[in-house]
Each structure stands twice: as structure tokens, then as C-alpha cells.
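Chain by chain, the residues run as shown.
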Amino acid sequence: MTAYDPNNIFARILRGEIPSTRVYEDDETLAFMDIMPRSDGHLLVIPKTPCRNVLDASPDQLEAVIRTVKKLAIAAKAAFDAEGVTIQQFNEAAGGQEVFHLHFHVLPRHEGVALRAPGQMGDMAAIATHAEKIRAAL
Ligand code: 5GP
């Protein structure tokens, strides 16, 4: 397995080298808004310690991340009055992973509303408003 790259974009977000819209953090995890949201409220949860994905993550890293995923899934569902939540997680390029620091996607969902296509930059003002709604629901 390829070694962890400490200069991946999420490692740089963790170090504060590039901006992000943070919604929650604790000692072990960080949640922030996806910059290309596939639904309103699309956020990412990452461990603060390095690992590429589920394949090299420790049980402690996975436990901490899943605790935060659950917390944020409940908050995002409430914030958007959603009927469901999609949680996605990809491992290695062949598995659909593009950023090689473990992350889970949390996407509030409404009945009959499809996810937007991937790779489209979001409106930063709208993302900031969505983040505030999630923070308020925590
Ligand atoms: P994955 O690795 O799970 O396929 O996708 C990585 C996710 O990270 C994508 O949903 C993409 O929109 C998001 N992403 C990529 N670069 C950035 C960035 O600089 N900031 C934020 N907040 N999200 C990013």
C-alpha cells in the first residue's frame, strides 16, 4: 500500500494551511464542509491523525471517526429537515478515492432528490450558510 502523504489536501486543512469551513471538532476528529457539495449540507469527517483510508486505519481511528459521523449525520439531517442521510467512503483510486486521508462523506437526503454530479464547485456563501445550520443543530 502507498505510504501516507503528509501534504495531501486534508492534512493541509488540518494544519490550517488552506481554508475550510469547519462545523465540528474534538480531540480526534474534524468535520468540515465539502467544497463540491453533492447535496446541501454535504460534509466530510476525518481523523486528526494520519491514515490513507479504512485499509490502514487503526480501530481507534475508525471508532473516533464513526462516532463523529453519527453525531454529524443526526445534526445534518435535522438542520436540513431531511428524510435520510447518505454516508459514503472510498478506498484507494480504484475504489473511487481522490484525497488520500481517511474521510467519510455525510449527505442529507430528501425523498426523490438525486445527488448532484461530482466535481462541481459549490457556492461558498451557500456553504457557509449550510455550515451554520449544521452547527446550530449540534
Ligand atoms: P473522495 O476522495 O471521497 O472521492 O472525494 C474527496 C472529496 O473531497 C470530494 O467530495 C471533493 O469535493 C472534496 N474536496 C476536494 N478538495 C477539497 C478541498 O480543498 N476542500 C474541501 N472542503 N473539500 C475538498
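Up top you'll find the structure we're talking about.
Draft legend 1. Structural context of helix α3 (residues 124-137). The end-to-end C-alpha distance of α3 is 20 Å, a good match for the 20 Å that 14 residues give at a rise of 1.5 Å each. If you check which residues of α3 are buried, you get Ile 127, His 130, Ala 131 and Ile 134. Taken around the axis of α3, the buried residues stretch over an arc of 105°, which confines them to a single face. Counted as exposed and oriented over 90 degrees from the buried face of α3: Ala 125 and Ala 136. Buried residues in α3 make contact with β1 (22-25), β2 (29-33), β3 (43-47) and α2 (59-79). The backbone nitrogen of Ala 125 has a side-chain oxygen 3.2 Å away, supplied by the residue at the start of α3, namely Asp 123.

Draft legend 2. Broad picture of the nonpolar core. Val 23, Ala 31, Met 33, Leu 43, Val 45, Leu 72 and Ile 134 are the most contacted members of the largest nonpolar core, which totals 22 residues. Every element with two or more residues in this core is listed here: β1, β2, β3, α2, β5 (104-109) and α3. The element contributing the most residues to this core is α2, with 7 residues. Not counting residues up to four positions away in its chain, the partners in contact with Met 33 are Thr 21, Val 23, Gly 41, His 42, Leu 43, Ile 127, His 130, Ala 131 and Ile 134. Listed in part, the 7 residues of the second largest apolar core include Phe 10, Leu 30, Phe 32 and Ile 46.

Draft legend 3. How the structure looks around the site of the ligand. Close to the ligand lie 16 residues; Asp 34, Gly 96, Glu 98, His 103 and His 105 are nearest. Measuring from a nitrogen atom of the ligand, one finds a backbone N or O atom of Met 33 at 2.9 Å. For the ligand, an oxygen atom lies 2.6 Å from a polar atom in the side chain of His 105. Expressed as a share of its isolated accessible area of 520 Å², the protein-covered part of the ligand is 87%. Mapped onto the shell around the ligand, the elements with two or more residues apiece are α1 (9-14) and β2. Considering every element that reaches the shell around the ligand, the biggest residue donor is α1, with 3 residues. Looking at the shell around the ligand, its residues break down into 10 nonpolar, 4 polar and 2 charged.

Reading the values: rules and limits
- Residues numbered from 1 in each chain as written.
- Predicted model: local features only at pLDDT ≥ 70, side-chain atom pairs only at ≥ 80, totals over all residues.
- Heavy atoms only, no water.
- Helix = DSSP H or I, 4+ residues; strand = E, 2+ residues; numbered from the N terminus.
- Expected span 1.5 Å × (residues − 1).
- Buried < 20%, exposed > 50% of the residue type's maximum accessible area, 1.4 Å probe, protein only.
- Arc of directions from axis to C-beta.
- Contact = heavy atoms within 4.5 Å.
- Polar contact = N/O pair within 3.5 Å; in protein donor to acceptor, adjacent residues only side chain to side chain.
- Core = buried A, V, L, I, M, F, W, Y, C linked by side-chain atoms within 4.5 Å.
- Near = heavy atom within 4 Å.
- Areas by Shrake-Rupley, 256 points an atom, 1.4 Å probe, with all protein chains shown as cover.
- Nonpolar A, V, L, I, M, F, W, Y, C, P; charged D, E, K, R; others polar.

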